[in-house]
Amino acid sequence: QVQLVESGGGLVQPGGSLRLSCVVSGTFFSIKAMGWYHQAPNKPREMVATITGGGDTNYVDSVKGRFTISRDNAQNTVYLQMNSLKPEDTAVYYCNAFVITRQMYTVQYWGKGTLVTVSS
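Residues numbered from 1 in each chain as written. Predicted model: local features only at pLDDT ≥ 70, side-chain atom pairs only at ≥ 80, totals over all residues. Heavy atoms only, no water.

As a further point, take the layout of surface pockets. The space that makes up the largest pocket amounts to roughly 200 Å³. As for the largest pocket, its lining consists of His38, Ala40, Lys43, Pro44, Glu46, Ser62, Arg66, Lys86, Glu88, Asp89, Thr90 and Ala91. Across the lining of the largest pocket, the residue classes tally to three nonpolar, three polar and six charged. (1 Å grid on protein atoms, 1.4 Å probe; cavity = no way out; pocket = protein on both sides within 12 Å on 5 of 7 lines; lining within 4 Å. Points joined across faces, edges and corners; volume = space filled by probe spheres on them. Nonpolar A, V, L, I, M, F, W, Y, C, P; charged D, E, K, R; others polar.)

Structure below.
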């Protein structure tokens, strides 16, 4: 059983910073791409940032220059450093990972989410 557990969300003032973490645990062969998505109230979930196993990154335009995604393969962890936060960044942030099982299947997993609120 593979689990993704996010942490690091909370309340922050506009212009502030937060660092989200997501640890992948369980039994598997390896992890391919990982990413962060967010979902604001009454809006669909959308991609924020992704990172491949080789370290290539991709960001939605609204966070470029403010957010940085990184990963620690030894710790099976992905991070999202969020700087210069804006009220419109308020959302539940979900971790995503494409995991290769021991049977060599690729399965997509999601965390349960962590709430980020940007407000004064």
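A word on the side chain of Asn96. Inspection of the secondary structure assignment puts Asn96 in strand E9 (residues 91-100). Asn96 gets classed as buried once you look at its relative accessible area, which sits at 2%. Looking at Asn96, its side chain comes within polar contact range of the side chain of Gln108, at 2.7 Å. (Helix = DSSP H or I, 4+ residues; strand = E, 2+ residues; numbered from the N terminus. Buried < 20%, exposed > 50% of the residue type's maximum accessible area, 1.4 Å probe, protein only. Polar contact = N/O pair within 3.5 Å; in protein donor to acceptor, adjacent residues only side chain to side chain.)

Turning our attention to the nonpolar core. If you look at soluble globular proteins, the nonpolar side chains tend to sit buried side by side. In terms of nonpolar packing, the biggest core is built from 30 residues, with Val24, Trp36, Leu80, Met82 and Tyr93 touching the most fellow members. Looking at this core element by element, the count peaks at five residues for E9. Ignoring anything within four residues of it in the chain, the contact list for Leu80 reads Leu18, Arg19, Leu20, Trp36, Val48, Ala49, Phe67, Thr68, Ile69 and Tyr93. (Core = buried A, V, L, I, M, F, W, Y, C linked by side-chain atoms within 4.5 Å. Contact = heavy atoms within 4.5 Å.)

Counting through the fold element by element, Tyr94 comes out in strand E9. For Tyr94 and Trp36, which are 58 residues apart along the polypeptide, the C-alpha to C-alpha distance reads 5.6 Å. Look past the residues within four positions of Tyr94 in its chain and what remains in contact with it is Glu6, Gly35, Trp36, Tyr37, Gln39, Arg45, Trp110, Gly111, Lys112 and Gly113.

Okay, the pattern of salt bridges next. All told, the structure shown has two salt bridges when counted by the stated rule. Notably, a salt bridge pairs Asp61 with Lys64, separated by 2.9 Å at the nearest N-O pair. The two residues Asp61 and Lys64 agree in class, both being exposed. Notably, a salt bridge pairs Asp89 with Arg66, separated by 2.8 Å at the nearest N-O pair. One end of the pair, Asp89, is in the loop between strand E8 (77-82) and E9; the other, Arg66, is in the loop between strand E6 (57-59) and strand E7 (67-72), with 23 residues separating them in the sequence. Summarising the burial analysis for this pair, Asp89 and Arg66 share the class buried. (Salt bridge = Lys/Arg side-chain N within 4 Å of Asp/Glu carboxyl O.)

This paragraph deals with the sheet that holds strand E1 (residues 3-7). Read across the sheet, four strands follow the order E1-E3-E8-E7 without closing on themselves; strand pairing throughout is antiparallel. Where the open sheet ends on each side, the last strands, each with one partner, are E1 and E7. With direction set aside, neighbouring strand axes in the sheet form an average angle of 15 degrees. Across six bridges, E7 lies against E8 in antiparallel orientation. Looking at E8, one finds that Ser70 is bridged to Tyr79. (Pairing = 2+ DSSP bridges. Axes fitted to C-alpha atoms, helices over the stretch in contact; angles between N-to-C directions.)

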